[in-house]
Amino acid sequence: MLSPELDIEAPAFKVRRLSTEAVNSAIFKEQWAINNGSPQLTWLFELRMSLEGEIAALAALRADPVHKQQLSKAFYNLENDNAEPHKAVTADRDFHLAIARTTGNRYFVNALAKALAALEQPLALSKLRSLTEPEVERTIWQEHAAVYKHVVQQDPDGAREA
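1. Some points on the confidence of the model for the chain
Right, so step 1: Confidence along the chain averages 81 in pLDDT terms, with 77% of residues attaining 70 or more.
Right, so step 2: By mean pLDDT, helix α1 (residues 20-23) is the weakest element of the chain at 51, and helix α9 (residues 156-161) is the strongest at 96.
Right, so step 3: Per-residue pLDDT stays below 50 along residues 1-18; that stretch engages in 29 contacts with residues further than four places along the chain or on separate chains.

Have a look at this one:
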C-alpha cells in the first residue's frame, strides 16, 4: 500500500491512497479471495487499482472523438466476450488499456500493461469464480460500465471514483 506520507503531485493529478470504497469494491474482494492474501499479488492489485483510477480521470479530461470510438469498441468487446474466462480477461485488459491510451501518456499504458500481465492468471481464476456468482459478475460489470460512462462523458471525478 502507498505510504500516507507519499504526496506526489503533477499538473493533472495526484497519486492517491486506495479509498475504503475501492478496497470494498467487488473487484478488490474477488481478487483478495483468489490471491488468498498473497502480499505480492495484493500489492500488484493495489497498484492496478490506484493506476486505473487516475488513468480514468486523466482519460476523461483528454478523450476525443477518436478515443471515444476506440473505447466504445473495447467496451462492446468487454460486454460480448464475457463467457469464456480467457477471452473475458483479454477483453478486460484491452478495455483498461484503451482507457490508458486515451490519456496520451505512454508511461501509464506501459505501467498498467505490466501490472495486468503479472495479474493475468489470477484474473482468469477470478473470472472463472465470478461466472458461478451472478451477483459478483453483475457488480463488476456495473463498475466497468460506470468507468466507461464517466470517461466518455468527460467527467474526471466520476471516472476516478467509478
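2. A few points about the side chain of Thr103
Right, so step 1: Positionally, Thr103 belongs in the loop between α5 (85-102) and α6 (106-118).
Right, so step 2: Thr103 sits in the buried class, given a relative accessible area of 1%.
Right, so step 3: Polar side-chain contacts of Thr103 include one of 3.0 Å to the backbone nitrogen of Asn105.
Right, so step 4: Among all residues touching Thr103, those that are not within four sequence positions of it are Ile55, Leu58, Ala59, Arg62 and Phe108.

3. Here we look at the nonpolar core
For soluble globular proteins, nonpolar side chains are generally found buried alongside one another.
Right, so step 1: Residues Ile55, Ala56, Leu71, Phe95, Ile99, Leu112 and Val151 are the most contacted members of the largest nonpolar core, which totals 29 residues.
Right, so step 2: Contributions of two or more residues to this core are made by α3 (39-62), α4 (65-80), α5, α6 and α8 (134-152).
Right, so step 3: Leave out the neighbours within four places in its chain, and Ile99 touches Ile55, Ala56, Ala59, Leu71, Val147 and Val151.

4. Description of α4
Right, so step 1: Counted at 1.5 Å a residue, the expected span for α4 with its 16 residues is 22 Å, and the 23 Å between its end C-alpha atoms agrees.
Right, so step 2: Three or more residues of α4 are buried, namely His67, Leu71, Ala74, Phe75 and Leu78. Burial along α4 is one-sided: seen end-on, the buried residues are contained in an arc of 105°. Seen from the open side of α4, the exposed residues pointing more than 90 degrees away from its buried face are Pro65, Val66, Gln69, Lys73 and Tyr76.
Right, so step 3: With a side-chain oxygen lying 3.1 Å from the backbone nitrogen of Val66, the N-terminal cap of α4 falls on Asp64.

5. Notes on unusual backbone geometry
Right, so step 1: A positive phi angle, close to 55°, is found at Gln154, a residue other than glycine.
Right, so step 2: Relative to the helices and strands, Gln154 is located in the loop between α8 and α9.

6. A short note on the pattern of salt bridges
Right, so step 1: All told, the structure shown has six salt bridges when counted by the stated rule.
Right, so step 2: Between Asp92 and Arg48 there is a salt bridge whose closest N-O contact spans 3.0 Å. Taken as a pair, Asp92 in helix α5 and Arg48 in helix α3 lie far apart in primary sequence, 44 residues in all.
Right, so step 3: Looking at Asp92, the relative accessible area reads 12%, which means it is buried.
Right, so step 4: Among the salt bridges present, the one from Arg93 reaches Asp94, with a minimum N-O distance of 3.0 Å.
Right, so step 5: Taking the relative accessible area as the measure of exposure, Arg93 reaches 30% and is therefore partly exposed.
Right, so step 6: The exposure class assigned to Asp94 is partly exposed, which follows from its relative accessible area of 33%.

7. Quick word on the packing of aromatic side chains
Right, so step 1: Tallied over the entire structure, the rule returns three aromatic pairs.
Right, so step 2: Summarising the aromatic geometry, the rings of Phe75 and Phe95 are spaced 6.0 Å apart at their centres and angled 50° between planes, so their arrangement reads as tilted. Within this pair, whereas Phe75 is found in helix α4, its partner Phe95 is found in helix α5, the two being separated by 20 residues in sequence.
Right, so step 3: Accessibility expressed as a relative area gives 0% for Phe95, which makes it buried.
Right, so step 4: Judged by centre distance (4.2 Å) and plane angle (5°), the rings of Phe75 and Tyr148 are stacked. Of this pair, Phe75 sits in helix α4 while Tyr148 sits in helix α8; the two residues are 73 residues apart in sequence, bridging distant segments of the chain.

About the criteria used
- Residues numbered from 1 in each chain as written.
- Predicted model: local features only at pLDDT ≥ 70, side-chain atom pairs only at ≥ 80, totals over all residues.
- Heavy atoms only, no water.
- pLDDT = per-residue confidence, 0-100.
- Helix = DSSP H or I, 4+ residues; strand = E, 2+ residues; numbered from the N terminus.
- Contact = heavy atoms within 4.5 Å.
- Buried < 20%, exposed > 50% of the residue type's maximum accessible area, 1.4 Å probe, protein only.
- Polar contact = N/O pair within 3.5 Å; in protein donor to acceptor, adjacent residues only side chain to side chain.
- Core = buried A, V, L, I, M, F, W, Y, C linked by side-chain atoms within 4.5 Å.
- Expected span 1.5 Å × (residues − 1).
- Arc of directions from axis to C-beta.
- Salt bridge = Lys/Arg side-chain N within 4 Å of Asp/Glu carboxyl O.
- Phe/Tyr/Trp six-rings, centres within 6.5 Å; stacked < 30°, edge-to-face > 60°.

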